[in-house]
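Reading the structure
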Amino acid sequence: MPIDLKESTGFLYLGTSPETSRENHSIAVPYPDQGKAPFTTSRLVDSARNAQGTMVGRMIGRSLDKQEMGWSTISCSLWWEMNRWFEDNHFTFYCHYFNFNTGRWLTRLMYISDVKVSPEIIDPGTGEPAFLRDASVNVIDCGVI
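Bear in mind that the values here come from a model prediction, so they are computed numbers and not experimental data.

Once that is clear, we can look at the pattern of salt bridges. Per the stated rule, a full pass over the model turns up four salt bridges. The salt bridge partner of D141 is R62, with a shortest N-O separation of 2.7 Å. With D141 in strand β7 (residues 129–141) and R62 in strand β4 (residues 55–74), this residue pair connects regions lying 79 residues apart in the sequence. With relative accessibility at 4%, the residue D141 sits in the buried group. When the shortest N-O distance is used, the salt bridge between R133 and E120 registers 3.6 Å. Residue R133 is found in strand β7, and its partner E120 is found in strand β6 (residues 104–122); the two are separated by 13 residues along the sequence. Owing to a relative accessible area of 31%, R133 belongs among the partly exposed residues under this scheme. It is possible to trace a salt-bridge network through shared partners that takes in R62, R108 and D141.

The structure is reproduced here in structure tokens:
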């Protein structure tokens, strides 16, 4: 059964305001396939070595999160609905997501990156695929404090 991006159950929730949540969102992104949702946290560091060769440094800003998501197969309508939302002036958006490192739900300003998909069984008359395979997208923390 296709997942409606307007439904309230999703892997993460996207919206246009800092109040984006599970109850208040524009779209709910469907759960990725098992094993296709690595979560990464990075930290920017300003560092150098002192005269003794010891690292001297400090973290710049705050930790930054990245959520990768992938689907082995996905319907064209679901994929297009999600990507049209991004294309309609939503390069940056608020994302309500579960931080797997801290065990908390957070809402942060993020951007979309690395959108990839492989069309399958393309209709030669319309040019449209029957479905999409190996779809993936990343949402990346903008770092706004």
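Once that is clear, we can look at helix α1 (residues 76–87). The end-to-end C-alpha separation of α1 is 16 Å, in line with the 16 Å expected for twelve residues at 1.5 Å each. Inspection of α1 places C76, L78, W79, M82, N83, W85 and F86 among the buried residues, and these make up the whole buried set. Of the surrounding elements, those touching the buried residues of α1 are β1 (12–15), β2 (27–29), β4, β5 (92–99), β6 and β7. Where α1 terminates, the next one or two residues include N89, which has phi positive at roughly 65°.

Rules used throughout
- Sequence order as written defines the numbering, with residues in each chain counted from 1.
- Whole-chain, interface and lining totals are the exception, using all residues; otherwise, since this is a predicted model, local features are given only for residues with pLDDT of at least 70 and side-chain atom pairs are given and counted only at 80 or more.
- Hydrogen atoms and water are omitted, and side-chain values are computed over all heavy atoms in the structure.
- We define a salt bridge as a contact between a side-chain nitrogen of Lys or Arg and a carboxyl oxygen of Asp or Glu at a distance within 4 Å.
- Secondary structure elements follow DSSP: runs of H or I no shorter than four residues count as helices, runs of E no shorter than two count as strands, and numbering proceeds from the N terminus.
- Whether a residue is buried, partly exposed or exposed follows from its accessible area with a 1.4 Å probe, protein chains only, as a fraction of its type maximum: under 20%, in between, or over 50%, in that order.
- Working rule for helices: expected span equals 1.5 Å times residues minus one.
- In this analysis, two residues are considered to be in contact whenever any of their non-hydrogen atoms come within 4.5 Å of each other.

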